[in-house]
Amino acid sequence: MTYAITQTCCNDATCVAVCPVNCIHPTPEERAFGSTEMLHIDPRSCIDCGACADACPVDAIFPVDRLKPAHREYAALNAAYYEEEAAAATEREGAAAAPAAVTGDGAEAQAEAAERTGPLFRAWDAPGFARSLPSDFAPLRVAVVGTGPAGMYAAEDLLLHTDAQVTLVDRLPVAGGLIRYGVAPDHPATKKVGEAFARFHHHPRVRMQLGLEVGKELSAAELAAHHDAVIYAVGAATDRRLGIPGEELPGSVSATGLVAWYNAHPDHAPDAVSLDAERVVVVGNGNVALDVARILVSDPDALAATDIAGHALDALRGRRVREVVLLGRRGPEDAAYTRTELLALGHLDGVDLVVDDHDPRIGAAIDAAGPLDKAGMLGGVTRTAVDWSRPPEPGRRIVFRFHSAPLAVTGEQAVTGVQVTGGTEIPAQLVVRSIGHRGVAVPGLPFDETTGTVPHEGGRVRGRTNEYVVGWIKRGPSGGIGANRSCAAETVTTLLADAVAGELPAPSGSAKEFARLARRRNRRLVDARGLATIERAERESGQRDGRVRTKFATVPELVAAARRSRLRLPG
């Protein structure tokens, strides 16, 4: 028996670290790690020890013979990865002049292939220690701005490998960031990585200042003056624009805002989105676009047990949405979604998948592709030339429309459709742009308007001595949750090297002075105790309704719940 990694893989690589036979790839040391959709277990080398499954923070690893029907495709997907790698390695070997002369990628491929010939004969690399801290290294005081995955990986690194004192700062009065407000509610296993981060919320060397906005209530300079170093992990909070006429019409929204709305983000009011639409057009076909499409056509009763916002659940129960159209500029072979997310769509009860066969290139690409290629995985999906002059078909369906770029959002007072290349207009009452995220400038820090990131060198903010960045504000909106671990490791390594070299200025204020300053600026701050009270209250409220939790959707509600920690009533 072997194990397989399934859809909710977060690329955290914890499983790689505990595998005794190196059968999980790509590893963080391999070039493909930065771009892989998910990690894969080699069925030829797995020894069925189960260490990876025990370590997985998102419950994505299962024995193959115990996979649920909806997950059985992943056994083949894991095995296919190694078949493709072996074929590529063989091709590279054949291109080399002679074995002794192989260098570069070919040598790397041969070495990797040799390592995988048997689980007990792994050629282990020499140990390497990228960091070296002197024995008299004094504890640092580090502020981490942002409590999503990037910030928490940085905090985890500091807390586990140094004696640093960490101040966790977030502009919202609750922790979680992307885990709480970005992961789709029907992906509860992915949200479980938040439990791994939550253990650090109550660490004895951690202080939390939630509800404190840097750049508004406290300047970046003031924060830096009270700490040895500051790490900004503020993500990419807004979306990229389409730049087409009609984009600002009522009924044209961003996927960023829609996802935040159904996840009960306080920045988005319950009435911010209307689902009074029979057809929705989503511009883009990445994973976020698929998340949006899936939620809009899912059975509300199936979502009722999740932590979806109550107002979103009510809207879905009263919705008119029967069809979601996913617009892709290029063909099915170049779709931006991952194969795992596409597989998930095929298991939606009562939802049909359709490929609009309006262009001969679409069917040709699907027919020519292998069964596990992105295009080939659409081989079993109905292909038909959709008549857009007619209303949506009865039932619920998701339509893939490839080779179609939006030219204009139509309508006068509100959205009535989308004009696309080829002279077609697709009638719709809601348009969702899902073409990527974009970072927002932090007042007081340099910012690159072109890339939407803070310029940096190895994570150190360019031109600064004790300010650093991690996550999407550092590298742009690329990579999933687990990609932030190696990103954080780079930033923390740079920070520690600066500290060892004596390049960090000493704080001008103490930890107590900073706490007093923060409280003067905002008297509604939430600490670790208040956060725990919020968590408890949301879960207890959810349990009464048969849900995993019921989220508080406004800042006043969150603050009020946190303050109950001081007046905890019995029962």
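What you see is a predicted model, and the numbers here were worked out from it, not measured in a lab. (Residues numbered from 1 in each chain as written. Predicted model: local features only at pLDDT ≥ 70, side-chain atom pairs only at ≥ 80, totals over all residues. Heavy atoms only, no water.)

A word on the overall build of the chain
Per the secondary structure count, the chain includes 20 helices and 23 strands. Rg of the C-alpha trace for the chain: 25 Å, near the compact-globule value of 25 Å for 571 residues, within the 12% margin. Projected onto its principal axes, the C-alpha positions of the chain cover 70 × 70 × 50 Å. Residue burial in the chain is summarised as follows: out of 571 residues, 53% are buried. Contacts in the chain between residues far apart in sequence, at least 24 positions, make up 75% of those at least 6 positions apart. In the chain, the 62 positive side-chain charges and the 72 negative ones have mean positions that sit 8 Å from each other. (Helix = DSSP H or I, 4+ residues; strand = E, 2+ residues; numbered from the N terminus. Rg over C-alpha atoms; globule rule 2.2 N^0.38 Å. Buried < 20%, exposed > 50% of the residue type's maximum accessible area, 1.4 Å probe, protein only. Contact = heavy atoms within 4.5 Å. Lys, Arg positive; Asp, Glu negative; His and termini not counted. Charge placed at Lys NZ, Arg CZ, Asp CG, Glu CD.)

A closer look at the sheet that holds strand 19 (residues 430–433)
Within a sheet, each strand pairs with its neighbour through backbone hydrogen bonds, oriented either parallel or antiparallel. The seven strands are arranged 10-19-11-12-15-13-14 in an open sheet whose pairing can be described as parallel. The open sheet has two free edges, formed respectively by strand 10 (252–254) and strand 14 (382–384), since each of these has just one partner strand. This sheet shows a mean twist of 25 degrees between the axes of neighbouring strands, independent of strand direction. Its contacts with the sheet place helix 10 (residues 255–262) against strand 10 and strand 19, and it is angled at close to 75 degrees to strand 10. Those strands touched by helix 11 (residues 287–297) are strand 11 (279–283), strand 12 (323–327), strand 13 (351–356), strand 15 (396–401) and strand 19, and its axis lies near 170 degrees from that of strand 12. (Pairing = 2+ DSSP bridges. Axes fitted to C-alpha atoms, helices over the stretch in contact; angles between N-to-C directions.)

Quick look at helix 17 (residues 483–500)
The end-to-end C-alpha distance of helix 17, which contains 18 residues, comes to 26 Å, matching closely the 26 Å that a straight helix rising 1.5 Å per residue would cover. If you check which residues of helix 17 are buried, you get A483, N484, C487, A488, T491, V492, T494, L495, L496, D498 and A499. With its phi angle positive at about 75 degrees, G502 sits one or two positions after the end of helix 17. (Expected span 1.5 Å × (residues − 1).)

Examining the packing of helix 5 (residues 149–161) against helix 17
The interhelical angle for the contact between helix 5 and helix 17, taken along N-to-C directions, is 50 degrees, at an axis separation of 8 Å. On the basis of the axis angle, helix 5 is oblique to helix 17. Like other packed secondary-structure pairs, helix 5 and helix 17 cross with a definite hand, here right-handed. In this structure, helix 5 contributes P149, A150, Y153, A154, E156, D157 and L158 to the contact, and helix 17 contributes N484, R485, A488, A489 and V492. By residue class, the composition of the contact of helix 5 with helix 17 is eight nonpolar, one polar and three charged. (Parallel < 35°, antiparallel > 145°, perpendicular 65-115°, else oblique. Left-handed = near helix turned anticlockwise from the far one by under 90°. Nonpolar A, V, L, I, M, F, W, Y, C, P; charged D, E, K, R; others polar.)

Notes on the sheet that holds strand 18 (residues 424–427)
The antiparallel open sheet is built from three strands, whose spatial order is 16-17-18. At either end of the open sheet lies a strand with only one pairing partner, and these are strand 16 (406–410) and strand 18. This sheet shows a mean twist of 20 degrees between the axes of neighbouring strands, independent of strand direction. Note that strand 17 (residues 417–420) and strand 18 share four bridges and pair antiparallel. Bridging from a neighbouring strand, V420 pairs with T424 of strand 18.

Some points on the pattern of salt bridges
This model, assessed by the stated rule, comprises 37 salt bridges. For the salt bridge of E37 with K374, the shortest nitrogen-to-oxygen distance reads 3.8 Å. Taken together, the residues span a long stretch of sequence, with E37 in the loop between strand 2 (24–25) and strand 3 (40–41) and K374 in the loop between helix 15 (360–368) and strand 14 at a distance of 337 residues. One network of salt bridges, in which partners are shared, links R180, E535, E538, R539 and R549. (Salt bridge = Lys/Arg side-chain N within 4 Å of Asp/Glu carboxyl O.)

Concerning the packing of helix 19 (residues 528–544) against helix 20 (residues 555–563)
Packing of helix 19 against helix 20 brings their axes to within 7 Å, and their N-to-C directions diverge by 105 degrees. Between helix 19 and helix 20, the angle falls in the class roughly perpendicular. Across the interface between the two elements, G530, T533, I534 and E538 from helix 19 touch L558, A561 and A562 from helix 20.

Side note on unusual backbone geometry
That bond from H25 to P26 is cis: its omega, -5 degrees, falls within 30 degrees of zero. Along the polypeptide, P26 turns up in the loop between strand 2 and strand 3. Phi at D48 is positive, roughly 65 degrees, even though this residue is not glycine. Among the secondary structure elements, D48 is positioned in the loop between strand 3 and helix 2 (51–55).

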